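Reading the structure
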Amino acid sequence: MSDELFDELRLSRALRLDVTERVRIDSRALAQAAAAAEQAQLVRWILGTLALVLVLPALTLARIALTVIGEPSLAADPVALAAVAAVPMLDWLRALAQPATALAAVAGVAIYTAFTGREQAHAHTSRT
Amino acid sequence: MATDVLLLVRAQAVPTLAQAERGVTFEDLVRGHQDEVYGTALRILGDRDAALEVANTTFLKAYRAFDRYDPARPLRHWLLRIAANEAISAGRRITRERARSAGPEAALTVADAEPGPDSVAIGREDAAAIRAAVLALPELYRVPVVLRYFNDLAVEEIARVTGRPASTIGVQLLRARALLRSALEGLA
């Protein structure tokens, strides 16, 4: 037997998994973790959308209220109030339409999702 | 491997389709490949906890990414590719963490290189020394060595799994063996 072949045989034998090294991976826990992570992601997306939908009108109302407090005469002018509400909303929507903002938001969500996925994988492990 | 040729479907925890329709379930996939995936990670990392985490992450990723899996390619190679990449990332993370929490010497020490009672024609100490020498190899060489001598893959298969050219793998294995030989000099 050549030295090379002997080396290779020794390597193969030495690297074999011992009986005491074997583990049992809980496939059901993994499948459940994956399903739970998918559901959680959906819930987060829905909550995020709802928050956005609710926050925008709340901020608009707050802006209108502050404007009326500062200038009470505007309260009787619906056109002026509509302008006060519309201008910042349009600004926010325009900002969201910018590619850099949208990419930053997507990157943020991707990083967050990757991080939570890793945590889920870590949390649902088993060992025998 | 028989499971490689069967169509794998993304089975839920409680599969509802008939066995013939669904082919191999996720449970079958895990049961059939857990030793190999875990062992690959263990031989690359030398740390049982980290290897178990890598194995779990590998199967979780496989579960999630099954839609993107190409059934024309061997399932084993696909899993080993994920496992090797995960093990490399975990190894780098562990090295960074050790370097941050201790001195630079501690980052180079190998954890959990202790062998089990394998008595197949090789002494316990001999196996331990060889495993330690493999763990001490640079990552560039360690991964092909593990895929070659633990997973028993051919050079072309290692090239497919790692995404490196076959000729590069051949050279890396040659250099790795030379390094191992010099590290193990004196061992009978």
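These lines cover the structure that appears in this document, whether it is placed above or below. Keep in mind the model is a prediction, meaning the values are calculated, not measured.

**Digging into the overall build of chain B**
- What chain B contains, in helices and strands, is 10 helices and 0 strands.
- Order of helices (α) and strands (β) in chain B, N terminus to C terminus: α-α-α-α-α-α-α-α-α-α.
- Classification of the 188 residues of chain B by burial places 49% in the buried group.
- If you take every contact in chain B between residues at least 6 apart in sequence, the share linking residues at least 24 apart comes to 61%.
- Within the structure as shown, chain B displays about 9100 Å² of accessible surface, and the carbon and sulfur contribution to it stands at 54%.

**With respect to helix α8 (residues 139-149) of chain B**
- Across the 11 residues that make up α8(B), a large majority, 8, are buried.
- Residues of α8(B) that are buried: B:Y141, B:R142, B:V143, B:P144, B:V145, B:V146, B:L147 and B:Y149.

**Topic: the pattern of salt bridges**
- Following the criterion strictly, the structure yields 14 salt bridges over all chains and no others.
- In this structure, A:E8 engages B:R177 in a salt bridge whose closest nitrogen and oxygen atoms are separated by 3.1 Å. Taken together, the residues A:E8 in helix α1 (residues 3-15) and B:R177 in helix α10 (residues 166-183) connect one chain to another.
- Under the relative-accessibility criterion, A:E8 is labelled buried at 18%.
- The exposure class of B:R177 is buried, given its relative accessible area of 11%.
- Note that B:R148 is salt-bridged to B:D152, the shortest N-O span being 3.6 Å.
- Taken together, the shared-partner salt bridges connect A:D18, A:E21, B:R43 and B:R131 into one network.

**Some words on a nonpolar patch on the surface**
Residues and elements named next belong to chain A.
- On the surface, a cluster of nonpolar side chains totalling about 740 Å² of accessible area is made up of L42, V43, W45, I46, L47, L50 and L54.
- Note that V43 resides in helix α2 (residues 27-70).
- Given a relative accessible area of 45%, V43 falls into the partly exposed group.

The rules behind each value
- Residues numbered from 1 in each chain as written.
- Chains lettered and ligands numbered in written order.
- Predicted model: local features only at pLDDT ≥ 70, side-chain atom pairs only at ≥ 80, totals over all residues.
- Heavy atoms only, no water.
- Helix = DSSP H or I, 4+ residues; strand = E, 2+ residues; numbered from the N terminus.
- Buried < 20%, exposed > 50% of the residue type's maximum accessible area, 1.4 Å probe, protein only.
- Contact = heavy atoms within 4.5 Å.
- Areas by Shrake-Rupley, 256 points an atom, 1.4 Å probe, with all protein chains shown as cover.
- Salt bridge = Lys/Arg side-chain N within 4 Å of Asp/Glu carboxyl O.
- Patch = residues over 30% accessible without salt bridge, like charges linked within 9 Å, V, L, I, M, F, W, Y side chains within 5 Å.

None of this, on its own, says anything about what the molecule does.
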